Amino acid sequence: MGPEPGTLALIAPGILWVGALLACLLSLDRIFALDYEDGSLDLLATAPVPLEAVVTIKALAHWLTTGLPLVLISPVMGLLLFLPGEAYLWLILSLLLGTPALSVIGTFGAALTVGLKRGGLLLSLLVLPLYIPTLVFGAEVVARGAQGLSTATPLALLAGITLGAVALLPFASALVLRINLR
Amino acid sequence: MLKVHDLACARGGLPLLEGVSFALAPGQALVLRGPNGCGKTTLLRCVAGLQPALAGEISVAPDAIAYAAHADGLKSTLTVAENLEFWAAIYGTAGIAQALEQMNLRALRARAAQHLSAGQKRRLGLARLMVTGRPIWVLDEPTVSLDHASVALFGDVVRGHLAGGGMALMATHIDLGLPEAEILDLAPFKARLPEPGSGTFDEAFL
């Protein structure tokens with residue numbers, strides 16, 4: 001791609017969002033793996049806390065350790081890629097709104113593959129297609145922000161995906177966890 | 001009160017046990033016996049609610065069961081006290097001092113779980129039962145890797161639990177020193193396997 005600022009600035013929104021997505025993917029398979037191995041997942045499933053809440057807290061913990069740091073260092077990454085000045089706000093905002101969906105969807109994938117040996121590869125294959133809408137609208141927010149266009153529509157869709165995922169997926173994750181524990 | 005009536009359960013899609021019935025009243029203990037692979041763990045997981053029964057009924061008050069599996073579910077970087085406090089918080093009970101005292105863990109309370117020996121980990125796993133405050137203990141091979149002294153210690157703890165109106169259902173091969181416990185041999189309840197080829201097509205996918 002070369003070091004030309006023009007080229008880099010053009011591809012920066014997409015690259016930054018793909019980077020966030022891949023970073024998220026790296027840590028997904030550990031969400032439940034350790035709890036499954038040491039037996040605490042069985043104990044949590046029989047404990048007086050709803051499994052849906054356990055799953056939600058797991059997703060939150062994943063976001064705090066993966067998504068939030070990405071949001072915080074994203075301006076530095078933008079600087080490295082000559083992101084236009086007016087796009088920084090949109091980059092931070094889109095990551096802040098979009099990365100929770102990555103964690104919640106990823107937790108669902110981790111619940112699906114819990115107990116599989118070397119399930120990480122399968123997990124990536126399952127989760128990547130589900131990440132595409134977030135990626136598309138997230139990068140679109142930054143790209144439109146960089147050109148000074150209105151970002152309302154992709155931002156609303158991005159927030160919609162996140163809210164929908166946060167509202168619905170914990171139930172699905174808890175259900176597949178129960179099935180996987182049988 | 002725990003009542004199991006005509007229970008059938010399966011592991012990996014294969015029926016293991018059928019027609020198992022028993023009842024536990026407060027203060028009673030029941031020890032499950034049987035050869036390896038006869039379905040003791042599967043039965044306990046059914047009773048604990050981790051897997052559905054194929055047939056039959058399990059009637060038990062909600063939130064009465066504390067389950068302890070083969071694995072202790074310890075977090076290796078947390079200390080002994082932190083591990084117990086976590087479960088005490090989850091079960092909404094207060095005070096881990098008695099559990100530490102009775103399982104002889106007081107000297108180890110500040111040690112990280114990863115630095116415990118296998119037997120010490122097991123003692124910590126069993127101490128977790130005491131902080132749950134649940135009346136029915138469902139125990140899967142509770143004495144694995146315990147020495148004689150610790151087995152006796154655990155026998156005392158179970159006896160104390162029974163004396164307080166608790167119940168215990170456990171699978172174990174060794175004598176816990178609980179002469180009052182009833183013994184249920186699971187071998188006669190072995191499920192009849194379907195004739196090869198007569199099973200439904202779905203079994204190929206289980």
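Relevant structure appears above.
Below: a short report on this structure. Values in this document were obtained by computation on a predicted structure and should not be read as measured data.

**Topic: the sheet that holds strand E1 (residues 2–11) of chain B**
Residues and elements named next belong to chain B.
- Taken in spatial order, the 3 strands make up an open sheet running E2-E1-E4, and their pairing is antiparallel. The open sheet is flanked by strand E2 (14–24) and strand E4 (55–60), the only strands paired with a single partner. Here the average twist between neighbouring strands, direction ignored, is 30°.
- Sheet topology note: the E1/E2 ladder contains 7 bridges and is antiparallel. Each bridged residue has a counterpart across the sheet, and for Val 4 the counterpart in E2 is Phe 22.
- Across the face of the sheet, helix H1 (residues 40–48) comes into contact with E1, E2 and E4 while running at roughly 125° to E1.

**Here we look at the side chain of A:Thr107**
- Relative to the helices and strands, A:Thr107 is located in helix H5 (residues 88–112).
- Residues within four places of A:Thr107 in sequence aside, it is in contact with A:Leu28, A:Ile31, A:Phe32, A:Val55, A:Ala59 and A:Ser173.

**A closer look at the interface of chain B and chain A**
- Counting residues at the interface gives 18 residues for chain B, matched by 16 residues for chain A.
- The junction of chain B with chain A conceals about 1400 Å² of combined surface from both sides, 62% of it contributed by carbon and sulfur atoms.
- Per-residue buried area on chain B facing chain A is highest for B:Leu50, B:Lys75 and B:Ile90; these three make up 32% of the total on that side.
- For the pair chain B and chain A, the interface holds 3 salt bridges.
- At the surface where chain B touches chain A, the tally comes to 6 residue pairs in polar contact (both at pLDDT 80 or more).
- Those elements giving two or more residues to the side of chain B that touches chain A turn out to be H1 and helix H2 (80–91) of chain B.

**Quick look at unusual backbone geometry**
- If you check the backbone angles, A:Arg118 has positive phi at about 50° while not being a glycine.
- Structurally, A:Arg118 is set in the loop between H5 and helix H6 (120–146).
- Taking relative accessible area as the criterion, A:Arg118 reaches 79% and is therefore assigned exposed.
- The backbone of B:Ser145 sits at a positive phi, close to 65°, despite the residue not being glycine.
- Mapped onto the elements of the fold, B:Ser145 is located in the loop between strand E6 (136–140) and helix H5 (148–163).

**Digging into the packing of H2(B) against helix H4 (residues 118–132) of chain B**
All names here are of chain B.
- Direction vectors running N to C along H2 and H4 enclose 30°, while the axes themselves pass 9 Å from each other. As far as their axial angle goes, H4 and H2 are roughly parallel. You can see that H2 and H4 cross each other, and the crossing is right-handed. Where H2 approaches H4, its residues Val 80, Asn 83, Leu 84, Trp 87, Ala 88 and Tyr 91 are matched on the opposing element by Leu 124, Ala 127, Arg 128, Val 131 and Thr 132.
- Tallied by class, the residues present in the contact of H2 with H4 amount to 8 nonpolar, 2 polar and 1 charged.

**Focus on the sheet that holds strand E3 (residues 29–33) of chain B**
Residue and element names in this part refer to chain B.
- Strand order across the open sheet formed by 5 strands is E5-E6-E7-E3-E8, with parallel pairing between neighbours. Unpaired on one side and paired on the other, strand E5 (65–68) and strand E8 (182–185) mark the two borders of the sheet. The sheet shows a mean angle of 15° between the axes of neighbouring strands, direction not considered.
- Here E3 pairs with strand E7 (residues 167–171) via 4 bridges, running parallel. Counterpart to Ala 29 in the pairing with E7 is Ala 168.

The rules behind the values
Residues numbered from 1 in each chain as written. Chains lettered and ligands numbered in written order. Predicted model: local features only at pLDDT ≥ 70, side-chain atom pairs only at ≥ 80, totals over all residues. Heavy atoms only, no water. Pairing = 2+ DSSP bridges. Helix = DSSP H or I, 4+ residues; strand = E, 2+ residues; numbered from the N terminus. Axes fitted to C-alpha atoms, helices over the stretch in contact; angles between N-to-C directions. Contact = heavy atoms within 4.5 Å. Buried area = accessible area lost by both parts, 1.4 Å probe. Salt bridge = Lys/Arg side-chain N within 4 Å of Asp/Glu carboxyl O. Polar contact = N/O pair within 3.5 Å; in protein donor to acceptor, adjacent residues only side chain to side chain. Buried < 20%, exposed > 50% of the residue type's maximum accessible area, 1.4 Å probe, protein only. Parallel < 35°, antiparallel > 145°, perpendicular 65-115°, else oblique. Left-handed = near helix turned anticlockwise from the far one by under 90°. Nonpolar A, V, L, I, M, F, W, Y, C, P; charged D, E, K, R; others polar.

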